Amino acid sequence: MALAFAFCFPLGAMVHRFSPLSTARAVETHRAVQLTGALLATAGFGVAVAMTPDYVPHFSSTHTRVGLALFVIMWFQVLLGLLRPHKPKAPELASTPRRVWRAAHATLGLNTIGLATWQPFTGIALAIDASQMYYAWFFLLGVSLLGGVAMAFSGRMGVGATGGVKDPKTHV
């Protein structure tokens, strides 16, 4: 699961967003990387559930509950990706369902990556006194947030000078 959530899903999101590939090729690469991550996460989830000792109740800790939630959200994301509304040809404007789908899929995906960033620390806390790990997590979270803000102000995330999306009605 760690390989899926720490590598595949962020990579797939970045390939789709920042790739120099053509749009169609970037979408196909995004889809392949994300499906690979989903399959890896499913295998990891199955192993984790199977390796839980009989005397430990399933989904009884924060780590296991968040893991289950991530698993369900992950497959919901896959379903959203498969149900993607048709992208209009230029110069047509995106339909309302397309714009809603795009916002929901991107927002849920980024929030899932964020939750998955926190998830390993709940697992570490089950095994050791991880109070020092939280300082490292907050440091990394701060660096990530600063990086996101820097990208937003540089225009690399499709945000204009006014803080709004450049053109929310375009076909992209």
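Notes on the structure follow. (Residues numbered from 1 in each chain as written. Predicted model: local features only at pLDDT ≥ 70, side-chain atom pairs only at ≥ 80, totals over all residues. Heavy atoms only, no water.)

Digging into helix H3 (residues 62–82)
Across its 21 residues, H3 extends 30 Å between first and last C-alpha, which sits within 8% of the 30 Å expected from 1.5 Å per residue. Along H3, the residues that are buried comprise Val66, Gly67, Leu70, Phe71, Met74, Gln77, Val78, Leu80 and Gly81. (Helix = DSSP H or I, 4+ residues; strand = E, 2+ residues; numbered from the N terminus. Expected span 1.5 Å × (residues − 1). Buried < 20%, exposed > 50% of the residue type's maximum accessible area, 1.4 Å probe, protein only.)

A closer look at the packing of helix H1 (residues 2–18) against helix H2 (residues 23–51)
Look at H1 against H2: their axes get within 8 Å of each other, and the N-to-C directions meet at 170°. When the axes of H1 and H2 are compared, the pair comes out roughly antiparallel. Judged by residue contacts, Leu3, Ala4, Phe5, Cys8, Phe9, Leu11, Gly12, Ala13, Val15 and His16 of H1 engage Ala26, Val27, Thr29, His30, Val33, Gln34, Thr36, Gly37, Ala38, Leu40 and Ala41 from H2. For the contact of H1 with H2, the residue count by class is 14 nonpolar, seven polar and no charged. (Axes fitted to C-alpha atoms, helices over the stretch in contact; angles between N-to-C directions. Parallel < 35°, antiparallel > 145°, perpendicular 65-115°, else oblique. Contact = heavy atoms within 4.5 Å. Nonpolar A, V, L, I, M, F, W, Y, C, P; charged D, E, K, R; others polar.)

Focus on the packing of H2 against H3
Any two packed helices are characterised by how steeply their axes cross, that is the angle between the axes, and by the distance between the axes. The geometry of H2 relative to H3 is characterised by a closest axis approach of 11 Å and an angle of 150° between their N-to-C directions. On the basis of the axis angle, H2 is roughly antiparallel to H3. For the pair H2 and H3, the sense of crossing is left-handed. Within the contact between the two elements, H2 uses Leu35, Ala38, Ala41, Thr42 and Phe45 and H3 uses Gly67, Leu68, Phe71, Met74, Trp75 and Val78. (Left-handed = near helix turned anticlockwise from the far one by under 90°.)

Overview of the nonpolar core
In this structure, Ala4, Phe5, Phe9, Ala41, Leu70 and Met74 are the most contacted members of the largest nonpolar core, which totals 13 residues. Where this core is concerned, the elements lending two or more residues are H1, H2, H3 and helix H4 (96–127). In terms of residues, this core owes the most to one element, H3, which gives five residues. The contact partners of Met74, leaving out residues within four places of it in the chain, are Phe5, Phe9, Ala38, Ala41 and Thr42. (Core = buried A, V, L, I, M, F, W, Y, C linked by side-chain atoms within 4.5 Å.)

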